[in-house]
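Coordinates in review
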Amino acid sequence: MNFIKDFALEAVATGILMILVVTSRIIISKLVRRFARTTHRIEHRTNLVIKYMHLLTTILAIIALIIIWGVQTNDIIIAISSITTVVGVAMFAQWSILSNITSGIILFFSFPFKIGDVIRIHDKDFPIEAEIEDIRAFHVALKTKDGERVIYPNNLLFQKGIAIMKDHFEDHEFVD
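The paragraphs below set out a description of the structure included in this document.

Conventions adopted
Residues numbered from 1 in each chain as written. Predicted model: local features only at pLDDT ≥ 70, side-chain atom pairs only at ≥ 80, totals over all residues. Heavy atoms only, no water. Pairing = 2+ DSSP bridges. Helix = DSSP H or I, 4+ residues; strand = E, 2+ residues; numbered from the N terminus. Axes fitted to C-alpha atoms, helices over the stretch in contact; angles between N-to-C directions. Phe/Tyr/Trp six-rings, centres within 6.5 Å; stacked < 30°, edge-to-face > 60°.

Here the focus is the pairing of strand 1 (residues 118–122). Alignment of strand 1 against strand 2 (residues 128–135), held across four bridges, turns out to be antiparallel. Across the sheet, the residue bridging to valine 118 is glutamate 131, located in strand 2. The loop that links strand 1 with its antiparallel partner strand 2 comprises five residues. The sheet contact formed by strand 1 and strand 5 (residues 161–166) spans five bridges and is antiparallel. Looking at the pairing, isoleucine 121 lines up with isoleucine 162 of strand 5.

The following block contains the structure:
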């Protein structure tokens, strides 16, 4: 009984936060799906973006719970510094994973090409002209006119110039 009196405000705030988290997840999912329908995005890409948005919502909810329950600052600093050290070393070693995920989300919402388009990647060392087969969270799958399958990282698409040649491979005449 003493626990209920002492922590009634925190329990109510936690309940409200949980309702807000569930509601925001539903709203975010509906908005992303509506955007995907109007721009003709593929379902698995839509699901990846929704998953990333839900992860962000969960992280924000955890931060809010820490604030609501008044966790001591010293405890938070020790926990965050330990976690940051481990994650920092892992992310430093694998920085491209984070940049590819971010690039994948940007590609989902605002990029001028779609699956089936023929593009030319203007790379000085390895120029590529190919049809886009699939756009994933980490990479884009391309198919050249010779049937070669090329996996191209999303973050490199933002570093190279790209020309959209035609909407589909069948209509495209390659110049040898």
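Moving on, we come to the sheet that holds strand 1. If you trace the five strands from one edge of the open sheet to the other, you get 4-3-2-1-5, paired in antiparallel fashion. Sheet topology places strand 4 (149–153) and strand 5 at the edges, where each strand pairs with a single neighbour. In this sheet, adjacent strand axes meet at a mean angle of 40° when their direction is disregarded. In this sheet, strand 3 (residues 139–144) lies alongside strand 2 in antiparallel orientation, the contact comprising five bridges. Residue pairing in the sheet places aspartate 134 in a bridge with alanine 141 of strand 3.

Turning to the packing of aromatic side chains, a few remarks are in order. Pairs of aromatic rings are described using the distance from one ring centre to the other and the angle between the two planes. According to the stated counting rule, one finds one aromatic pair in the structure shown. Ring geometry for phenylalanine 7 versus tryptophan 69: centroids 5.7 Å apart, planes at 40°, classification tilted. In this pair, phenylalanine 7 sits in the loop between helix 1 (2–6) and helix 2 (8–38) while tryptophan 69 sits in the loop between helix 3 (43–68) and helix 4 (73–93), placing the two residues 62 residues apart along the sequence.

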